[in-house]
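Below, each chain spelled out in residue letters.
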Amino acid sequence: MQERTAIPDSKINSDLLRGLLGTPMWWWVAVIVLALIVGAGVASVAITFNMGLGLWEIHRPIMWGIMIVNFVFWIGISHAGVMISAILRLSYAEWRRPVTRAAEILTVFSLMIAMVHPLIHAGRPWRLAYWFLPYDFPRGIWPSIRSPAVWDPSAIFTYLTGSSLFVLIALIPDMAVARDRTTGWRHYLYSVASLGFRGTPRQWKLQTIAGILLSGLLLPVFVSVHSIVSWDFATMVSVGGWHATIFAPYFVIGAVLSGVSAVVTVMALMRWLFHWEDYIRPEHFDALGRLLIAIAMGWLFFFVLEFFVAIYTKEPAELALREMQLFQWPYNVLFTIFIFAALIIPVPIWVSRKMRRNITVMFITSILVNVGMWLERFIIIIPSLARKQDLTFVWSTYHPSIFEISIVAASFALVGLLLLLFSKVFPLMPLFEQKEGQRFAAQIRVGRRSIPGVVREE
Amino acid sequence: MQRPHLRRTSREHELSFAFPDTPAEAGKDILSRHLRLTSRFWKAFWVLLLLFGVGLLGLALRILGGFDDRAAWGYEAALFAYLLTTAQSAPLVSIAMRIVRNHWRRPLARLSEVFAVVGILNLLLFFPLLMTLPPQEGRKSMWFGWPGSPHIYDSLAIIFLVLCGLAILLFTSMPDMAVLREQASGRLKGIARRLSLGWVGSGREWKKLNLGLGYLGALYFILLIGVHALVSMDFAMSLVPGWIDSIFPAFHALSGLQSAVATIIFSMFLMRAIGGYREYFGLDQFWALSKLLLAFSLLWFYFWWSTFWVYWYGRAPSEVSVLKLIMFGPYAVPFFLSFGLNFVVPFGLMLWNVARRSIKWPTIAAASILVGTFFDRIRLYVSAFSVEDVTGHALESIPATHFPDLIDVLIYVGFFSGSILMYMVASKVVPIISMWEVKEWLRLRVVRTFLRTEVAVVAKPE
Amino acid sequence: MVQEKKQQKWAMVVDVDRCIGCQACVVACQAENNIPLNTEEIFNQKRAIEWIRIERYWEGEYPNVKARFIPVLCQHCENAPCEPVCPVYATYHNSEGLNVQVYNRCVGTRFCQNNDPYAVRFFNFWEPVWPATLQNQLNPDVTVRSRGIMEKCTFCVQRIRRTTRTAKEQGRELKDGELAPACVQACPTSTLTFGDINDPKSKVAKLAKDKRHYRLLEKLGTEPNVIYLKKVDAHAKATSETH
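The rules behind the values
Residues numbered from 1 in each chain as written. Chains lettered and ligands numbered in written order. Predicted model: local features only at pLDDT ≥ 70, side-chain atom pairs only at ≥ 80, totals over all residues. Helix = DSSP H or I, 4+ residues; strand = E, 2+ residues; numbered from the N terminus. Rg over C-alpha atoms; globule rule 2.2 N^0.38 Å. Buried ≥ 20, exposed ≤ 12 C-beta atoms within 10 Å, placed from the backbone. Contact = placed C-beta atoms within 7 Å. Pairing = 2+ DSSP bridges. Nonpolar A, V, L, I, M, F, W, Y, C, P; charged D, E, K, R; others polar. Axes fitted to C-alpha atoms, helices over the stretch in contact; angles between N-to-C directions. Parallel < 35°, antiparallel > 145°, perpendicular 65-115°, else oblique. Left-handed = near helix turned anticlockwise from the far one by under 90°. pLDDT = per-residue confidence, 0-100. Expected span 1.5 Å × (residues − 1). Core = buried A, V, L, I, M, F, W, Y, C linked by C-beta atoms within 7 Å.

**Q** Talk me through the overall build of chain B; I want residue IDs and the actual numbers.
**A** When you go through chain B residue by residue, the secondary structure sums to 18 helices and two strands. Taking 23 Å as the expected radius of gyration for a compact globule of 462 residues, we find that chain B reaches 23 Å, a close match to that expectation. Counting only C-alpha atoms, chain B reaches 75 × 50 × 40 Å along its principal axes. The buried share of chain B, taken over its 462 residues, is 48%. Within chain B, contacts between residues at least 6 apart in sequence are counted, and of these 82% link residues at least 24 apart.

**Q** So what's going on with the overall build of chain C? Residues and values would help.
**A** Along chain C, the regular secondary structure elements total six helices and ten strands. Taking 18 Å as the expected radius of gyration for a compact globule of 243 residues, we find that chain C reaches 19 Å, a close match to that expectation. Seen through its C-alpha atoms, chain C measures out along the principal axes to roughly 60 × 55 × 35 Å. Residues classed as buried in chain C amount to 40% of the 243 residues present. Nonlocal contacts in chain C, meaning residues at least 24 apart in sequence, comprise 62% of its contacts between residues at least 6 apart.

**Q** Now, about the pairing of strand 10 (residues 226-229) of chain C: what can you tell me, with residues and values included?
**A** Residue and element names in this part refer to chain C. Burial along strand 10 is two-sided: Val 226 and Tyr 228 facing one way and Ile 227 and Leu 229 facing the other are all buried. Direction of pairing for strand 1 (residues 10-15) relative to strand 10: parallel, over a ladder of four bridges. Bridging across to strand 10, Val 13 finds its partner in Ile 227. The pairing of strand 9 (residues 213-214) with strand 10 spans two bridges and is classified as antiparallel. Counterpart to His 213 in the pairing with strand 10 is Leu 229.

**Q** Got a sec to walk through the interface of chain A and chain C? Specific residues and values, please.
**A** The interface is formed by 35 residues belonging to chain A together with 35 residues belonging to chain C. Contributions of two or more residues to the side of chain A that touches chain C are made by helix 7 (129-132) and helix 8 (148-179) of chain A. At three residues, the largest contribution of residues to the side of chain A that touches chain C is made by helix 8 of chain A. The residue inventory of the side of chain A that touches chain C, partitioned by class, reads 20 nonpolar, nine polar and six charged.

**Q** Residues and numbers for the packing of helix 10 (residues 203-235) of chain B against helix 11 (residues 248-275) of chain B, please.
**A** All names here are of chain B. Put simply, helix 10 and helix 11 touch, their axes get as near as 8 Å, and they point 125 degrees apart. Judged by the inter-axis angle, helix 10 sits oblique to helix 11. For the pair helix 10 and helix 11, the sense of crossing is right-handed. Here Ile 225, His 228, Ala 229, Ser 232 and Met 233 of helix 10 lie close against helix 11, whose contacting residues are Phe 248, Pro 249, His 252, Ala 253 and Gly 256. In terms of residue class, the contact of helix 10 with helix 11 is made up of six nonpolar, four polar and no charged.

**Q** Describe the interface of chain C and chain B, naming the residues involved and giving the relevant values.
**A** Interfaces are often sized by the accessible area lost when the parts come together. Listed by partner, the interface residues are four residues for chain C and five residues for chain B. In terms of residue class, the side of chain C that touches chain B is built from one nonpolar, two polar and one charged.

**Q** A description of the sheet that holds strand 8 (residues 192-196) of chain C should follow, citing residues and the corresponding values.
**A** Within the open sheet, the four strands sit side by side as 8-1-10-9 (chain C). Their pairing is mixed. Bordering the open sheet on either side are strand 8 and strand 9 of chain C, each of which pairs with just one other strand.

**Q** Break down unusual backbone geometry for me, with residues and values.
**A** Residues Trp329(A) and Pro330(A) are joined by a peptide bond in cis, for which omega reads -5 degrees. By the element assignment, Pro330(A) lies in the loop between helix 13 (316-327) and helix 14 (331-344). At the junction of Tyr62(C) and Pro63(C), the peptide bond is cis and its omega measures out at 5 degrees in the coordinates. Within the secondary structure, Pro63(C) sits in the loop between strand 2 (53-59) and strand 3 (66-72). At Phe155(C), a position not held by glycine, the phi torsion is positive, near 55 degrees. Checked against the element boundaries, Phe155(C) lands in the loop between strand 7 (150-151) and helix 4 (157-169). The exposure class of Phe155(C) is buried, given the 26 C-beta atoms found within 10 Å. We note that Leu217(C) has phi near 50 degrees; this positive angle belongs to a residue other than glycine. Its place among the elements puts Leu217(C) in the loop between strand 9 and strand 10.

**Q** Before we move on, can you summarise the pairing of strand 8 of chain C with the specific residues and values?
**A** All names here are of chain C. Across the five residues of strand 8, five count as buried, placing the element largely inside the fold. Note: strand 1 against strand 8, five bridges, orientation antiparallel. For Val 14, the partnering residue across the bridge sits in strand 8 and is Leu 192.

**Q** Explain the packing of helix 12 (residues 283-314) of chain B against helix 13 (residues 317-328) of chain B residue by residue, including any values.
**A** Residues and elements named next belong to chain B. Between helix 12 and helix 13, the shortest axis-to-axis distance is 8 Å and the interhelical angle comes to 135 degrees. Between helix 12 and helix 13, the interaxial angle falls into the category oblique. In this structure, helix 12 meets helix 13 at a crossing whose hand is left-handed. Residues Phe 308, Tyr 311, Trp 312 and Gly 314 of helix 12 pack against Glu 319, Val 320, Val 322 and Leu 323 of helix 13. Partitioning the contact of helix 12 with helix 13 into residue classes produces six nonpolar, one polar and one charged.

**Q** Help me get a handle on the confidence of the model for chain C, residues and values and all.
**A** Any residue range with low pLDDT should be treated as having predicted coordinates unsuitable for detailed reading. For chain C, per-residue confidence averages 90 on the pLDDT scale, and 94% of positions sit at 70 or higher. Here the complex is predicted with pTM 0.92, and the ipTM for its interfaces comes to 0.90.

**Q** Residue-level account of the environment of Trp64(A), with values.
**A** Along the polypeptide, Trp64(A) turns up in the loop between helix 3 (25-51) and helix 4 (66-77). Assessed through the 23 C-beta atoms surrounding it within 10 Å, Trp64(A) is described here as buried. Along the chain, Trp64(A) and Val425(A) lie 361 residues apart, while their C-alpha atoms are 38 Å from each other. Discounting residues that sit within four places of it in the chain, Trp64(A) has contacts with Ile58(A), Ile381(A), Leu385(A), Arg110(C) and Asn114(C).

**Q** Would you mind going over helix 4 of chain A in detail, with residue names and values included?
**A** All names here are of chain A. Over its twelve residues, helix 4 extends 16 Å from the first C-alpha to the last, a length consistent with the 16 Å expected when each residue adds 1.5 Å. Across the twelve residues of helix 4, twelve count as buried, placing the element largely inside the fold. Within the span of helix 4, buried status applies to Ile 66, Met 67, Ile 68, Val 69, Asn 70, Phe 71, Val 72, Phe 73, Trp 74, Ile 75, Gly 76 and Ile 77.

**Q** Give a description of the confidence of the model for chain B that names residues and reports values.
**A** Averaged over all residues, the pLDDT of chain B is 89; the fraction at 70 or higher stands at 94%. Within the model, pLDDT remains below 50 along residues 1-16 of chain B, and this stretch shows 18 contacts once partners closer than five positions in the same chain are excluded.

**Q** I'd love a proper account of the nonpolar core, names of residues and values included.
**A** Of all hydrophobic cores here, the largest spans 332 residues; its most connected members are Val260(A), Val263(A), Val261(B), Ile265(B), Leu293(B) and Tyr381(B). Ranked by residues supplied to this core, first place goes to helix 11 (residues 247-274) of chain A with 17 residues. Beyond its immediate sequence surroundings of up to four residues, Tyr381(B) is in contact with Gly74(B), Ala77(B), Ala78(B), Ala81(B), Phe235(B) and Ala236(B).

**Q** I'd like to hear about the environment of Met270(A), residue by residue, with values.
**A** Residues and elements named next belong to chain A. Among the structural elements, Met 270 can be located in helix 11. Looking at Met 270, the number of C-beta atoms within 10 Å reads 22, which means it is buried. Excluding residues that lie within four positions of it along the chain, Met 270 makes contacts with Ala 102, Trp 276, Ile 280 and Leu 428.

**Q** Outline the environment of Glu113(B), listing residues and values.
**A** Residues and elements named next belong to chain B. As for its position among the elements, Glu 113 is in helix 5 (residues 109-113). C-beta crowding within 10 Å serves as the criterion here: with 31 such atoms nearby, Glu 113 is assigned to the buried category. Sequence separation between Glu 113 and Pro 91 is 22 residues; the distance between their C-alpha atoms is 4.5 Å. Those residues within four positions of Glu 113 in sequence are excluded, and the remaining contacts are Pro 91, Ser 94, Ile 168, Leu 169 and Thr 172.

Structure below.
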């Protein structure tokens, strides 16, 4: 497990702070391209606000289109941080070390982007204060706590606050290192961010305990966030395809699958773009690959259960819906792509140890998984609305408009852009975790072999 | 067992386990405890055997009463589900922890795997139950009317589950049986010779053992989740019209995972108190399992809440009737007991690190869960079995509470005794502490100084 | 004995047997309630707003084809699934049994339409535009909605209010049949009947107890205040089926 070479602290510092202290050409190119895509998305939003939701392709009964699909998708990606960072931290897994910061910040950014979607898909966005602000506007009416649409912002804000705190606390030691090696406005920024960290034993103890406490507290929050988002759909008694009790854990585990795959994607990119071959090693992808197999199998169980019990009902509208999802154009194609991309292609590849250690393969399969999972959300949300109840007169189909597509594309570009901007100011890999890992590595002789071991923290 | 060169830091420090710290000493110690047969053991043996006979009598009486009155079989179904959820799920703790490759599982691995023998008993309860199932016409069934369903497929599934569990037990105990083959005497020597399957401990054999245990473990896991899904759907959900609950099979399986951990914790406690293995089940084991218990108790609530919330919010009449039947109507008492004992108590206790890091409190939480699951299975299965008209879209009327009669009590007493009996007997054939795993652990662990303290350094051979 | 008058509960009975699919109710509703013009383009976008619509189903194969019409409008459910899901309380159930939509509160999340099993709620995707010639036709008693707002049948609440006020000014009770929503007024075949179902002497209360009565999507438990009377099929075998 520990195939690392011993790396002195000074090299760790210079390697991992590379992003902050210099800007390569590729960074500028990437930022400009992504900014253009984001700009297109912003323009779409502006035009929509100006002219109305008629520009989008939504219509009765499919009142929620790919904007909501994208919303659920990004909430899903946001589960990366807690899964990797919190759970692996609590179980003392050594191989989490390079991944935690990227996972946590991916969480924060994807949550922020997810939050924007319900805002831009509202009919009268200038009245959003009625919905989001905990204030009884002139008529003395508060937001309606009976509505799942009000539980959503509560849960998401909680998760955002918790995750942001998590990132900030984990950043403190690294901010101190950066503070001591910079001047000017950067020095000022890092001084504020490091909160006067000096590396005394007491400060380390407090920082570690805070990290562990937040990990433990964030775990129920992360489960609850996606469950609450799933209850946006599951509590709808009128939409047969949504009204299933399994939605909460099904969505959560799908989110974990999405999120961990996204972390794999980001990690591979980090290794290539920043030349961090010493820190992000095949063994990390190996471990993540095995974790992904377990998650994918769990997800498959819930997926099969959901589909199976839907057919078990033998309700005509439900059966028509499932038939539409599986056999009707274009949903049959989307379904096939989804099941192959999310499950049938990646999982057998991950079973092979050689494939798990091949970073290009892991990069491609992780992207495939997310393509598949985006389509999975599409297949759950849209066809269920298209085949709501037995009143076949209102059955319909949906094809996304260019405006919606550009906004969805912009959401992906925005996450990439934010990550790149983040990497300029904060190190994308935790320095102190790497240094800790160096110190905890050890070798044990058993018989004639020398086996890598690790010091138990407890 | 004396290590004067080490400074004792705190009572809970990882180094302060009391069992021997060389592999040879450990092997000798475990062997001597295993071969010890006290008179208390024999007394318990005969009493339990007698009670088991009474239970068999009860079951025979119930069978003689016929299979038409499904409501009368409700409690027996609940007992079957209870044993499935507790004893048959218990081997999962060892299997899952082996996959995750942690080390604190080693003393309790065999303890968990021996529960597979209770599965044999559960088969006795299972087959009569199959006869009580109504035909599939007019009602929803997960088999959609396939020929031979559900009898053939359910039977195959559960038989395979039991066989897989026994196979796992057989294979993990091979190295220890080899030791017994050499060191024991009398009848045990003969049994051990047969059960050790010619084990000599070569490198290739060890490799095959680890690989085989990995595959069998995964198979057991899949089969167990499958059996939970089958039993929950065939014997509960499809007997209640209008009960369309996609999470119910998962809830049932999760309840099994929670009860598995609780069963192990409680058994560890018993092994310490009356089993004579006090030194082997230390704080490490209880602390680690208590964290799992916290997680599973929260998950129990989460999965229960998924059903309740979606049904309650939607207000569809068919779903509200189901809520009345299984939660708030005639079975409200077992439901609230189960809610309190499966969630409120264990969650409330295991929330506190002080409680987790002890022996007493996880045991109390585990006992609470075992009792809570008992009531939970009753409220699910007795209610489902007491529904008269299984056809239609929704429950027409909520049946009244069905109370247990004398035969039910006889069956419960008898089969609980029988389960304990089988476990006890198995534990005296196969050592309850896995010798080879503990020895392996002792080889992989080294104590080193780290800065100003001593820490355990753990090798990770993978 | 003076009986305490029960609170009014407005209900409608739709006799499917009488409906000929003429769509007079749809047109009347559009005129009365300032519903935006459904041009061909908007209809092709599937965004036509019809607070009451005639659903047409074809039964059988040529030459034995039958057209079945059923008017579907907001059912004003007692147990309305659309009400709890609105995040801003823009829709609620009032004491007269009406499901009320508050236009100036609506933010346009369209959640209510998702949880509406009858698909009778409509969203203003575009800013409604009336040509100059039609602007004088707008009903001053009814709000003109802007884009981004949900709307649906109100049982012509403006007529209910006006008639109730007039009756109060004249110091008398409302007579049964005195007030009718636009669709009820326009229907040539008396398919639609409207009134106070809590008044046992009203026509609606009597019709609601007809042996042909049923409600749409009853298994959802929405308890609609619109009761349908099953079509009498002269050629069907005599069975005692009811919906």
